[in-house]
Amino acid sequence: MQSRHLTSILDLSPEDLERVLDVALSIKRDGTGPALSGQVLALLFEKPSLRTRVSFEVAMSRLGGRSLYIGKEEVQIGSREPVRDVARVLSRMVNGVAIRTFDQAPLDEFASWSSVPVINALSDHEHPCQVLADLLTLRERFGTLRGLRLAYLGEGNNVARSLAYAAVLAGVEFVCASPAGYALTEVDIGQASELPGGGSVLQTDDPVAAVRGAAALYTDVWASMGEEHLLAERIEVFRDYQLNGELLAAAPADALVMHDLPAHRGEEITDEAIESPRSIVFDQAENRLHAQQALLMLLMGRSPQ
Ligand code: CP
Ligand code: NVA
């Protein structure tokens, strides 16, 4: 791996990404030995979680190590004591740290002071671990990622940004359809477009055009954690971007339905879409476990490759 951390998908090369997916597929098929025996992963979480917390805890257990969950009341990172002090203390006691937080800057600062691997378990800016599982799910379905068209409907948020970066690294054609004012920024598109790997990123405000020719349609909540108070004003703005029967009808008949979960039925996705036979949302959720086992082995294993 080119970086010892995963604070962003930008830490990965195309080869790193492919390696994580290869190892994840092999772990899913054959299981794994105690590759991280005796090691401890701290989970420093300032927001709630089901999938991310449980998948990291089960992954460490399957790898022969342990996890240590530290909720937001405990460390109060950056307010009880400086980020750099927390990073140096934890580096003396654990073998890796997964952080779920708000701003990206403290996470990057933590990584710069940490002598053990730091993993972004979701920030307002990115959700790289989710996207590893998403690409793993698509690769399982299609055999290869190269040339697939992935349409994302909704806010150009943390999940969309990580998808945009990872899509380019993996050779995927990524189309993000968002209402005006909620798109990925020019900076995001520029950064993604400069990455190696052969994929592409397109931002549009036309959801119907976005889903045409797509292998999969992906959506996420209209108001992320910490932004719930903005939901009421967004419901009208995002109405045409709902993943529903109408948009599914505009997509190829075999296009798959994706969501990182938790899903808000009746908002960004209808019950009909998420429960349809084309939905792979629970494969995505399961693959969090396999993708993160691979990531942990590659970042924390004694001889990282
Ligand atoms: N998709 C995801 O990250 O879920 P949690 O917020 O439950 O961890
Ligand atoms: N964009 C969502 C993802 C949840 C997994 C959020 O940040 O709340």
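In case you missed it, the structure is sitting above this.
Residues numbered from 1 in each chain as written. Chains lettered and ligands numbered in written order. Predicted model: local features only at pLDDT ≥ 70, side-chain atom pairs only at ≥ 80, totals over all residues. Heavy atoms only, no water.

Caption draft 1: Quick look at the sheet that holds strand β9 (residues 256-259). Pairing within the open sheet is parallel, and its 5 strands lie in the order β7-β6-β5-β8-β9. Only two strands of the sheet have a single neighbouring strand rather than two, namely β7 (200-204) and β9. Shown here is a sheet whose adjacent strand axes are inclined to one another by a mean of 20 degrees, direction ignored. The sheet contact formed by strand β8 (residues 216-219) and β9 spans 4 bridges and is parallel. Bridging across to β9, Thr219 finds its partner in His259. Those strands touched by helix α6 (residues 128-142) are β5 (149-153), β8 and β9, and its axis lies near 165 degrees from that of β9. (Pairing = 2+ DSSP bridges. Helix = DSSP H or I, 4+ residues; strand = E, 2+ residues; numbered from the N terminus. Axes fitted to C-alpha atoms, helices over the stretch in contact; angles between N-to-C directions. Contact = heavy atoms within 4.5 Å.)

Caption draft 2: Main features of the pairing of strand β1 (residues 40-45). In terms of burial, β1 is a largely internal element, 5 of the 6 residues being buried. Between the parallel elements β1 and strand β2 (residues 66-70), the chain passes through helix α2 (residues 51-62) in a crossover that is right-handed. Alignment of β1 against strand β3 (residues 96-100), held across 5 bridges, turns out to be parallel. Bridging across to β3, Ala42 finds its partner in Val97. (Buried < 20%, exposed > 50% of the residue type's maximum accessible area, 1.4 Å probe, protein only. Right-handed = clockwise from strand over helix to strand, strands pointing away.)

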